[in-house]
Amino acid sequence: MSEPWIAIDDYKPGRGWMEPNQRARACCLALERGQILFFRELPFNLPVEDREFLLSQPWTELRLHKNVSYRPDEDALRGVSGDKATVDRLHSILRNYTTQVIDFATKSLAPYAGKWTLDFSSFRPLEEERRGLPLHKRNDLLHVDAFPSRPTRGGRILRVFTNLNPAKPRVWNVMQDFETLARYYAKDAGLDKFADESVITRTFQDWGGKLGFRGMGRTPYDMFMLRFHDYLKENAEFQANCPKVRLEFPPLATWMVYTDGVAHAAMSGQYALEQTFLIPTNALVARDQAPYRILEKIAGRPLVS
Ligand SMILES: [Fe+2]
């Protein structure tokens, strides 16, 4: 693989691309192929007072879950409790951040605009290095993302990150080539077993999804990806020996990446904002690059009904 990221310098907040049609599609394609789009300057509006508020809270003392998260569909803030004024301010900062990122993604990745399902956003105020989380929740082990409660049925997980730390980079390790990763490890992680899922199980899952049960509506692809996430974190040989690249995202940089295809580990860094979009298969510009298609090729069977 060539450059670990593609530095974007022809997109400006408010105005968008200089050549909108070509650039938006080319960027979707690059993302779907496992590239990371890198913006050295903030590509959307985030008031300096909001940034300072996020940086100035006593996060280690607040009753904080893993992160502070915001669910745009319910306009709900989760993961933090404290005095009402602080929580209300956090809520409005994250609500505004989400609005800004939607506008940014609508302009910068126009082929996806309006077709996505808007997922959660989060603020990650704790230092990633030596967080002491349980193995499957550790962020510093390489993994691909999969969400137990939000199956994508082959759709993709696009994430936009911003490093709000004014002084320190956010450091990631990545392995970008999903096809190589899958060819080495998918069978060992049980791909064939998931591909063999019986018709009865699939029908049951489909009905569960239609009736709105949490985590239902999972395809064999969704179930495999949940397993693959855990398998990769459990696999010490993979963690130690896989070809990985170290990336340092400087203060106030923003980056976009498909975290279901690019294996990633956050090695250090504190104060990141993140918004997730779920991109359905029919919005992808290069469906053959999608993990479900690569896995179907390896399994020789369909994984998404
Ligand atoms: Fe992740």
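Here the structure is shown first, and the text comes after it.
Residues numbered from 1 in each chain as written. Predicted model: local features only at pLDDT ≥ 70, side-chain atom pairs only at ≥ 80, totals over all residues. Heavy atoms only, no water.

(A) Quick peek at the overall build of the chain. Regarding its fold elements, the chain presents nine helices and 13 strands. Taken over C-alpha atoms, the radius of gyration comes to 19 Å for the chain, in line with the 19 Å a tight globule of 305 residues would show. Counting only C-alpha atoms, the chain reaches 55 × 45 × 40 Å along its principal axes. With 305 residues in all, the chain has 54% of them scored as buried. (Helix = DSSP H or I, 4+ residues; strand = E, 2+ residues; numbered from the N terminus. Rg over C-alpha atoms; globule rule 2.2 N^0.38 Å. Buried < 20%, exposed > 50% of the residue type's maximum accessible area, 1.4 Å probe, protein only.)

(B) Quick peek at helix H1 (residues 20-32). Under the 1.5 Å per step criterion, the end-to-end length of H1 is 18 Å for 13 residues, consistent within 8% with the ideal 18 Å. Among all positions of H1, only Ala24, Cys27, Cys28, Ala30, Leu31 and Glu32 are buried. As for H1, its buried residues are in contact with strand S1 (6-7), strand S3 (16-17), strand S4 (37-39), helix H3 (84-108), strand S8 (156-163) and strand S11 (254-258). Phi for Gly34, located one or two positions after H1, is positive at around 95 degrees. (Expected span 1.5 Å × (residues − 1). Contact = heavy atoms within 4.5 Å.)

(C) Molecular detail of the sheet that holds strand S12 (residues 263-268). Judged by pairing direction, the sheet is antiparallel, and its three strands sit side by side in the order S10-S9-S12 without closing on themselves. A strand with exactly one partner marks an edge of an open sheet, and here the two such strands are strand S10 (245-249) and S12. Across this sheet, the average inter-strand angle for adjacent strands is 30 degrees, counted without regard to direction. When strand S9 (residues 170-175) meets S12, the two strands line up antiparallel, connected through five bridges. Bridge assignment links Val171 to a residue of S12, and that residue is Ser268. (Pairing = 2+ DSSP bridges. Axes fitted to C-alpha atoms, helices over the stretch in contact; angles between N-to-C directions.)

(D) Region of the structure containing the coordination of the iron ion. Around the iron ion, the protein contributes the donor atoms His143 (NE2), Asp145 (OD) and His264 (NE2), which lie 2.2 Å from the metal centre. Mapped onto the sequence, the donors of the iron ion take the spacing H-x1-D-x118-H. Here Asp145 is found in the loop between strand S7 (117-124) and S8, whereas its partner His264 is found in strand S12, with 119 residues between them in sequence. The class of Asp145 is buried, set by a relative accessible area of 6%. (Donors = N, O, S within 2.8 Å, 3.2 Å for Na, K, Ca; no water.)

(E) Empty space enclosed by the protein, seen in detail. Applying the stated criterion across every chain yields a total of one cavity of 30 Å³ or more. Taken as a whole, the largest cavity holds about 100 Å³ of empty space. As for the largest cavity, its lining consists of 15 residues, of which Ala146, Phe147, Thr152, Asp222 and Met225 are closest to the centre. Looking at the lining of the largest cavity, the elements that each hand over two or more residues are S8 and helix H7 (220-234). Ranked by residues supplied to the lining of the largest cavity, first place goes to H7 with four residues. Per-class residue counts for the lining of the largest cavity are seven nonpolar, two polar and six charged. (1 Å grid on protein atoms, 1.4 Å probe; cavity = no way out; pocket = protein on both sides within 12 Å on 5 of 7 lines; lining within 4 Å. Points joined across faces, edges and corners; volume = space filled by probe spheres on them. Nonpolar A, V, L, I, M, F, W, Y, C, P; charged D, E, K, R; others polar.)

(F) Spatial organisation of the environment of Ala236. Of note, Ala236 is situated in helix H8 (residues 236-241). Taking the C-alpha atoms as reference points, Ala236 and Arg156, separated by 80 residues in sequence, lie 26 Å from one another.

(G) Looking closely at the pattern of salt bridges. Applying the stated criterion across every chain, the model contains 24 salt bridges. Residue Asp50 is joined to Arg89 by a salt bridge in which the shortest nitrogen-to-oxygen separation is 3.1 Å. Of the two residues, Asp50 sits in helix H2 (residues 48-56) while Arg89 sits in helix H3, which places them 39 residues apart along the sequence. Close ionic contact of Arg156 with Asp260 constitutes a salt bridge, the shortest N to O distance being 2.9 Å. One end of the pair, Arg156, is in strand S8; the other, Asp260, is in the loop between S11 and S12, with 104 residues separating them in the sequence. Taking relative accessible area as the criterion, Arg156 reaches 3% and is therefore assigned buried. (Salt bridge = Lys/Arg side-chain N within 4 Å of Asp/Glu carboxyl O.)

(H) Region of interest: the side chain of Lys233. Position of Lys233 among the secondary structure elements: in helix H7. For Lys233, which is buried and forms no salt bridge, the nearest opposite charge comes from Asp230, at a distance of 6.5 Å. Here the side chain of Lys233 touches His229 through a polar contact of 3.2 Å, side chain to side chain. Apart from the residues lying within four places of it in its own chain, the contact partners of Lys233 are Leu135, His136, Lys137, Arg138, Leu141, Leu142, His143 and Gln239. (Lys, Arg positive; Asp, Glu negative; His and termini not counted. Polar contact = N/O pair within 3.5 Å; in protein donor to acceptor, adjacent residues only side chain to side chain.)

Any link to function would need more than the numbers given here.
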